Structure formats: structure tokens, C-alpha cells
Protein chains: 2
Amino acid sequence: MSAEPRLVEVRKNVLKQNDLVARALRDRFRQTGVFAVSLVSSPGAGKTTFLEKTLKSLQPRAKVAALVGDLATENDAARLARSLAPVKQITTGTICHLEAAMIQNALRDWEVGPLDFLFIENVGNLVCPSSYDLGEELRLVLLSVTEGEDKPLKYPTIFNSADVAVITKLDLAEAVEFDAAAAHKNIQAVRPGMPVLSLSAKTGQGMDEFLVFLEAQRRRREAVRLMPGSGR
Amino acid sequence: MSAEPRLVEVRKNVLKQNDLVARALRDRFRQTGVFAVSLVSSPGAGKTTFLEKTLKSLQPRAKVAALVGDLATENDAARLARSLAPVKQITTGTICHLEAAMIQNALRDWEVGPLDFLFIENVGNLVCPSSYDLGEELRLVLLSVTEGEDKPLKYPTIFNSADVAVITKLDLAEAVEFDAAAAHKNIQAVRPGMPVLSLSAKTGQGMDEFLVFLEAQRRRREAVRLMPGSGR
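Here's what I pulled together on the structure shown here. From a predicted model like this one, the values you see are computed outputs, not experimental measurements.

1. With respect to the interface of chain A and chain B
Piece 1. At the junction of the two partners, chain A supplies 28 residues and chain B supplies 28 residues.
Piece 2. When residues of the side of chain A that touches chain B are traced back to their parent elements, those giving at least two are α6 (151-154) and α7 (156-161) of chain A.
Piece 3. Residue contributions to the side of chain A that touches chain B peak at three residues, all from α6(A).
Piece 4. Its residues placed into classes, the side of chain A that touches chain B shows twelve nonpolar, eleven polar and five charged.

So this is what it looks like as C-alpha cells:
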């Protein structure tokens, strides 16, 4: 199991249309200092609640916005708009994932000004989004404690396509007899060395650690970007 | 919204390979008196726990077996085997749904003898399995209380492809502040008249009602099958 399968994947499919668009997006995000973070998970893992809390917490000190994908309805955009951050819904119809071109189109007429963070909430699906690079800097895979500890083993590809695992709904861990050690072991079996954060967006437990982690990731990327001779 | 969209779909795609295989399976199930029930849901909605309890409960009075689909691992087959019913795993690799030909292949060398019920647990996914008829008599779509009440609105196609909705993990309803009225309303909005059963496989609440429902469905099918002049 390679430590960087996503990179390998991107290289292999360099000519594929989605990857060309994703690369253009990534270049643009880097040039303009936007840190793009995408979220993937099964339906109901708590992406929207987690994102709403994240947007609210970051907003006093950072400029944030979110794109949110779903087959139908604009419910998630409405929920996220309560954070007062700019939010745009992408409805995919019958398509079970977002594609780079959908991100490109959504950004085209969107006057959000300069951003520190752009969040991209993918369609709830543990299979389809794996192979679509969206130009994001960081991909989070969410796994709720109610889903069962063996999800990483059953859906290895999506865990391999992500950079960080986030265990959600920690407030329910006891009620569902969540076995944290087994979950961590299974994540590491599929993707050795993957950072894992555990939290509850409902109670706030673990949210501060997540925000510290996220801002450190962004600072690290900015340090590289602004380094003399980096060409950016 | 048609009350029978699956039937319409099957008719439209009559020439498609999957539907031809599914039709052959359905004919065979009907001729041999097997009542085939498939389960679809998002990953972690509790299909396997629910199915394990169902197999255990039915076994004293009925001959049962199960096929279970997953991208990777044979974990679910191992869990279901605890029920002592014959169980076979179908691993799909990167494919996010079962297809009729996979069912046909799995049944080919499987000496299970005459069955009253064959359960087919699909890959955990709320999108991909929608368009694949597996020859089943009844398709259950599971929705756990932890997933959010708006899933039917977000994934209308899978709810339209199913015959019955089963709300699972009822024991967690209070902890997650599940709004049962909203869930029911959303299911009916997408698929008017759809029967909805609510249960907890963990505590057993609602399981008896489900089993009574299931056996009534089978008896109804058998009554038609054995009717004089039905040609079967």
C-alpha cells in the first residue's frame, strides 16, 4: 500500500479531463491563497453539521465559503447558510459524486472575494467520489461512530483517496458501543500513517483540536507558497 | 410520481442485459417458491445486524439463506454465518452495486436446497444500486435514525426503486433527536403510499411486526403462485 496513492493516481490519469480541470483549480487555489478542503463520507455521517460548526468557528478569524453537493434538494446549503458564510449548492441529479468541472462552474459566477478556506462537501457516498480529484488541498473522510468500525476495510479506496480521517458523532460512542481501537487499527491497516481526529460537532468535543490541525495545515501550505523562489 | 416506477423502469429497459438476467432470476424464484428480498441502504445503516436477527428469527420455521455484497472483505458473511443460515459473500471490487449476473453466478454452485426466503444484502450505497433489478420480489430500503430525516428527499431514486422503507436503530432515536414525523413525511413525499416499518435490531423493538409483515408478503405471493390456472 503506497503512502501517496492519490498522487500516483493523479499522475497515471494525467490526461483525463477531470484531472486537467482539477489541476487548474489546484493551481488557482494555490496562487490565490485559498486552502480548499473537501469532505467525503457515507450519507448521514454528519458532514453538514460538522461543516456548519467549522464555518461558524473559523469565521471570526478567517474568510470562509462552502460548496455542497447533493443529488437533489438544497437543504444542506440552507443549513450551512445559518453559519452566515457564503454557501452554494451543487445538485448532481443522478451522479453520485462531484467532479472538478462542477466546482469550476460553481465558482465561475460566484462573487465571494478572497478566501482563506473553501470547503467542498461531496455527495454522501463511500465509493463514487474516490476517483475524482477536485483540486482540493486536503480531503477529509468522515466516519461516524454509528457506522461500524470495519468501514475502512470495506471501502479501502475512499480511505486511500483521502488525507485525513475524522471520526464523528463521538457523543454517541457509548450508546453504540463504538470500539475506537478497532476503528483506528482498521484505518491504519488501509492507509498507514493517516492522521485521525475524533470529535462531536454536537457537543463540541474535539472541535478545537480539529480547527488547530486545519489552521496548521493551511499555515504550512502558505509558508511553502510564500517562500522566495517558490515561483508562486 | 408514479406508484410503480420500478415496473415502468423494467419495462423500458426490457432489452438491457441486467434486466434479462433479473427476469430469469425472478421467474426461477417464483417457480421454486423462493421469496427473494433485497436490502439497500447507505453504509452503516445496520443492514447486517438487521439481517442477522431476521435470519435467526425466521430459521425455526423457514428455510433461509443470504447473499451479501461488499467491495472488499468477507466480514459480513462471517457475521451472518453466526445465524447458522447458509451465507455467501459477493465481493464486487470497485463496483458500487450488485448486478443480476452476480446473483446468478453466486447461486450457480451453491447447494442450499429448497428455500423459503433468500435475502440479498446489497453494497452499502444510496445511489448505485437503484437501477439494478436483482430479480427480487421485495426491495427494502433501510434508513437509520442517525442518518437524518431528509435522506429520502436527497436520494429519491433509491427510495423509488424500493418497495418498503425500514427505519433502523430506533433505540438511538432519542439520543439523536430523531424526528419520526418528518422522516415519514419525507418518505411519503418521494414515494406516496410506501409502507414504513420502524425497528431496532439491537433491542428487538419492532422486529416481530417486521417478521409478520414479511411472512404475509410471502404468503400472498404463494397464494397467487399456487392459484389454479396461474400457470406456475
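Read on for the rest.
2. Structural notes on the sheet that holds strand β3 (residues 87-91) of chain A
All names here are of chain A.
Piece 1. As summarised here, the arrangement of the seven strands in space is β3-β2-β4-β1-β5-β6-β7, forming an open sheet in which the pairing is parallel. What marks the edges here is a single partner per strand, and that holds for β3 and β7 (196-198). Across the sheet, the mean angle from the axis of one strand to that of its neighbour is 20 degrees, orientation sign disregarded.
Piece 2. Pairing geometry for strand β1 (residues 35-40) and strand β4 (residues 117-121), over five bridges, is parallel. The residue of β4 that forms the bridge with Phe35 is Phe117.
Piece 3. Where helix α5 (residues 100-108) meets the sheet, its contacts fall on β2 (64-70), β3 and β4, and the angle it forms with β3 comes to roughly 135 degrees.

3. Details of α5(A)
All names here are of chain A.
Piece 1. Among the residues making up α5, those that are buried are Ala100, Met102 and Ile103. Each buried residue of α5 sits inside an arc of 160 degrees when the element is viewed along its axis, so together they form one side.
Piece 2. Contacts from the buried residues of α5 go to α2 (17-31), β2, β3 and β4.

4. Notes on helix α2 (residues 17-31) of chain B
Residues and elements named next belong to chain B.
Piece 1. With 15 residues, α2 extends 21 Å between its outermost C-alpha atoms, agreeing within 8% with the 21 Å of an ideal straight helix rising 1.5 Å per residue.
Piece 2. Restricting attention to buried positions, one finds in α2 the residues Asp19, Val21, Ala22, Leu25 and Phe29. Mapping the buried residues of α2 onto a view down its axis gives an arc of 160 degrees, with all of them on the same face. More than 90 degrees from the buried face of α2, the exposed residues found are Gln17, Asp27 and Gln31.
Piece 3. Looking one or two places after α2, you find Gly33, whose phi comes out positive at around 75 degrees.

5. Some points on the relation of the copies chain A and chain B
Piece 1. In the superposition of chain A on chain B (RMSD 0.0 Å, axial shift 0.0 Å), the rotation amounts to 180 degrees. Those values place the two copies in the arrangement expected of a two-fold rotation axis.
Piece 2. Comparing contact sets, 100% of the residues at the interface of chain A also lie at the interface in chain B, consistent with an isologous, same-surface contact.

6. Here we look at the nonpolar core
Piece 1. Of all hydrophobic cores here, the largest spans 121 residues; its most connected members are A:Ala66, A:Phe119, A:Val141, B:Ala66, B:Phe119 and B:Val141.
Piece 2. Filtering out sequence-adjacent residues up to four positions away, A:Ala66 remains in contact with A:Leu51, A:Leu55, A:Leu80, A:Ala85, A:Val87, A:Phe119 and A:Glu121.

7. Comments concerning the environment of B:Lys202
Residues and elements named next belong to chain B.
Piece 1. Considering the arrangement of structural elements, one finds Lys202 in the loop between β7 (196-198) and α9 (207-225).
Piece 2. Taking the number of C-beta atoms within 10 Å as the measure of exposure, Lys202 has 19 and is therefore partly exposed.
Piece 3. Taking the C-alpha atoms as reference points, Lys202 and Phe50, 152 residues apart in sequence, are found 8.1 Å from one another.
Piece 4. Sequence-distant contacts of Lys202, that is, excluding residues within four places in its chain, are made with Thr49 and Asp171.

8. Some words on the environment of A:Glu74
Piece 1. Note on placement: A:Glu74 falls in the loop between β2 and α4 (75-81).
Piece 2. Separated by 15 residues in the primary sequence, A:Glu74 and A:Gln89 place their C-alpha atoms 6.1 Å from one another.

9. Description of the sheet that holds β7(B)
Residues and elements named next belong to chain B.
Piece 1. Strand order in the open sheet formed by seven strands is β3-β2-β4-β1-β5-β6-β7, and the pairing between neighbours is parallel. Each edge of the open sheet carries a strand with a single partner, namely β3 (87-91) and β7. In this sheet, neighbouring strand axes are inclined to one another by 20 degrees on average, regardless of whether the strands run parallel or antiparallel.
Piece 2. Sheet analysis places strand β5 (residues 138-144) next to strand β6 (residues 164-168), joined by five bridges and oriented parallel. Counted as the bridge partner of Leu143 is Ile167 from β6.

10. Section: the pairing of strand β1 (residues 35-40) of chain B
Consecutive residues of a regular strand have side chains that alternate between opposite faces of the sheet.
Residues and elements named next belong to chain B.
Piece 1. Of all six residues that make up β1, six are buried, and the element is covered over most of its length.
Piece 2. In β1, alternate side chains face the same way, and those of Phe35, Val37 and Leu39 on one face and Ala36, Ser38 and Val40 on the other are all buried.
Piece 3. Both β1 and β5 contribute to a ladder of four bridges, which runs parallel. Its bridge partner lying in β5, Val40 is registered against Val141.

Cut-off values and rules
- Counting restarts for each chain: residues are numbered from 1 in the order of the written sequence.
- Here every chain gets a letter starting at A, and every ligand a number starting at 1, in the order they are written.
- For this predicted model, a pLDDT threshold of at least 70 governs which residues receive local features, and a threshold of 80 or more governs which side-chain atom pairs are given and counted, while totals over whole chains, interfaces and linings are taken from all residues.
- We call two residues in contact when the distance between their C-beta atoms, placed using the backbone, is within 7 Å.
- Under the DSSP-based scheme used, a helix requires at least four consecutive residues in state H or I and a strand at least two consecutive residues in state E, with every element numbered from the N terminus.
- Residue polarity is assigned by list, with Asp, Glu, Lys and Arg as charged and Ala, Val, Leu, Ile, Met, Phe, Trp, Tyr, Cys and Pro as nonpolar; anything else, Gly included, falls into the polar class.
- One bridge is not enough; two strands pair if DSSP finds at least two bridges between them.
- Lines fitted to C-alpha atoms define the axes here, with helix axes fitted over just the stretch in contact, and angles between the N-to-C directions of these axes take values from 0 to 180 degrees.
- The exposure scheme places C-beta atoms from the backbone and then counts, for each residue, the other C-beta atoms within 10 Å of its own, assigning buried at 20 or more, exposed at 12 or fewer, and partly exposed in between.
- For this quantity, the arc is that covered by the directions from the helix axis to the C-beta atoms.
- For a helix, the expected span equals 1.5 Å multiplied by the residue count minus one.
- Superposing the copies works by least squares over the C-alpha atoms of residues that have pLDDT at least 70 in both of them.
- Here, a nonpolar core denotes buried Ala, Val, Leu, Ile, Met, Phe, Trp, Tyr and Cys residues that are linked to one another through C-beta atoms within 7 Å.

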